[in-house]
Amino acid sequence: MTPGPRTAMVLAAGLGTRMRPLTDAMPKALVPVGGKALIDHVLDRLHDAGVERVVVNVHHLADQMEAHLAARRDLEVLISDERAELLDSGGGIRHAADKLGREPVYVANIDSLWIEGATPALETLKAAWDPAAMDILLLLVKRGQGIGFEGPQGFFRDDEGRLTHSTAPQPATPFANMGIAILKPELLDDQPAGAFSIIPIWHRLQAEGRLHGAVMDGFWMHVGDPGARDLAEAKLREAAQAS
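Everything in this summary refers to the structure shown in the same document. Since the model is a prediction, treat every value here as computed from it, not as a measurement.

**Overview of helix H7 (residues 226-242)**
- Across its 17 residues, H7 extends 25 Å between first and last C-alpha, which sits within 8% of the 24 Å expected from 1.5 Å per residue.
- Listing the buried residues of H7 in full gives Ala228, Arg229, Ala232 and Glu233. All buried residues of H7 fall inside an arc of 140° around its axis, so they share one side. In H7, those exposed residues whose orientation departs by more than 90 degrees from the buried face are Leu231, Gln241 and Ala242.

As structure tokens, this is what we get:
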């Protein structure tokens, strides 16, 4: 196994509005897919990749999240409390800086599941990480190798792995961000406290040639709403039967 980050930030504080009615009584991170909570799918992948400490931000029905995470014995789990205010993707990472440390970390969304290809996705990400050349490395998937990401937002990637982000419908982007990255926490040191998106940071690094991407060879499932949950469960059953 390639050495990689030992710490991860798992973004689990969202309201899960698109997942209603499933999220009326539970956080999105606890919605079951294939008999396992979304967040446990992600935590299991991170653990398998060598992660030892995970910071999870909480907001919606946070007490449920804390109780569920307290049952994990294979990982050190720290809670980043956003009950008072949702901080968005960038603000959530910035708020957890004291728990993340200064070494590069994984940042993972909880609605990203995948079926491995020939190389485990996080091994692909670790092998491509070069801190001298990049400050964020996104894990990407080719269009057509996943479900739940039909919109135009995505990336172009050059021969060196440098990325250009685009939300335009044309020309079509060949790659989608599958919701896991390696990131240097100090990137956010100059940001003020409060809510902000990580996307402007992407754009700054893109201009500097320091936003990179690695392409997984598996099949990705974005579980954003109940219909996508049903599709993901069917795909997981299909993969289990084929193995």
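**Thoughts on the sheet that holds strand E14 (residues 219-222)**
- If you walk across this open sheet you meet the three strands as E7-E14-E9, and the pairing is mixed. Each edge of the open sheet carries a strand with a single partner, namely strand E7 (112-115) and strand E9 (146-147).
- Sheet topology note: the E7/E14 ladder contains four bridges and is antiparallel. Residue pairing for E14: serine 112 is matched across the bridge by histidine 222.

**Some thoughts on the side chain of lysine 184**
- Residue position: lysine 184 is located in the loop between strand E12 (175-183) and helix H6 (199-208).
- Owing to a relative accessible area of 11%, lysine 184 belongs among the buried residues under this scheme.
- A polar side-chain atom of lysine 184 sits 2.9 Å from a polar atom in the side chain of aspartate 135.
- When residues no more than four places from it in sequence are discounted, the contact partners of lysine 184 are Pro104, Trp129, Pro131, Met134, Asp135 and Arg210.

**Overview of the packing of aromatic side chains**
- All chains considered together, the criterion is met by one aromatic pair.
- Between the NZ or CZ atom of lysine 235 and the centre of the ring of phenylalanine 219, over which it lies, the distance is 4.3 Å.

**Examining the pattern of salt bridges**
- Applying the stated rule across the entire model yields 19 salt bridges.
- For the salt bridge of glutamate 116 with arginine 45, the shortest nitrogen-to-oxygen distance reads 3.2 Å. In this pair, glutamate 116 is assigned in the loop between E7 and helix H5 (121-128) and arginine 45 in helix H1 (residues 38-48), connecting sequence segments 71 residues apart.
- For glutamate 116, a relative accessible area of 29% translates into the label partly exposed.
- Between aspartate 158 and arginine 162 there is a salt bridge; the shortest N-O distance is 2.9 Å.
- Residue classification places aspartate 158 among the partly exposed residues on the basis of a relative accessible area of 29%.
- Assessed through its relative accessible area of 37%, arginine 162 is described here as partly exposed.

**With respect to the nonpolar core**
- Judged by nonpolar contacts, the single largest core of 48 residues is most densely connected at Ile39, Val56, Met65, Tyr106, Leu122 and Leu125.
- Here the element with the most residues in this core is H1; it accounts for five residues.
- Apart from residues no more than four positions distant in its own chain, methionine 65 is found in contact with Ala12, Pro27, Ala29, Leu30, Ile39, Val56 and Val58.

**Re the packing of H1 against helix H2 (residues 62-69)**
- Remark: H1 packs on H2, axes separated minimally by 12 Å, with the N-to-C direction vectors making an angle of 40°. Relative to H2, H1 is oriented oblique. Helix-helix and strand crossings are classified by hand; for H1 and H2 the assignment is right-handed. Contact residues: H1 offers Ile39, Asp40 and Leu43, while H2 offers Met65, His68 and Leu69.

**With respect to the pairing of strand E11 (residues 163-166)**
- Two strands pair when backbone bridges link them, and strand E10 (residues 154-157) and E11 are joined in this way by four bridges, in the antiparallel orientation. Bridge pairing links arginine 157 to leucine 163 in E11.
- Count of turn residues in the E10/E11 antiparallel hairpin: five residues, of which glycine 161 carries a positive phi of about 90°.

Thresholds, definitions, all that
- Residues numbered from 1 in each chain as written.
- Predicted model: local features only at pLDDT ≥ 70, side-chain atom pairs only at ≥ 80, totals over all residues.
- Heavy atoms only, no water.
- Helix = DSSP H or I, 4+ residues; strand = E, 2+ residues; numbered from the N terminus.
- Expected span 1.5 Å × (residues − 1).
- Buried < 20%, exposed > 50% of the residue type's maximum accessible area, 1.4 Å probe, protein only.
- Arc of directions from axis to C-beta.
- Pairing = 2+ DSSP bridges.
- Polar contact = N/O pair within 3.5 Å; in protein donor to acceptor, adjacent residues only side chain to side chain.
- Contact = heavy atoms within 4.5 Å.
- Phe/Tyr/Trp six-rings, centres within 6.5 Å; stacked < 30°, edge-to-face > 60°.
- Lys NZ or Arg CZ within 6 Å of the ring centre and 35° of its normal.
- Salt bridge = Lys/Arg side-chain N within 4 Å of Asp/Glu carboxyl O.
- Core = buried A, V, L, I, M, F, W, Y, C linked by side-chain atoms within 4.5 Å.
- Axes fitted to C-alpha atoms, helices over the stretch in contact; angles between N-to-C directions.
- Parallel < 35°, antiparallel > 145°, perpendicular 65-115°, else oblique.
- Left-handed = near helix turned anticlockwise from the far one by under 90°.

That is the geometry; function is a separate question.
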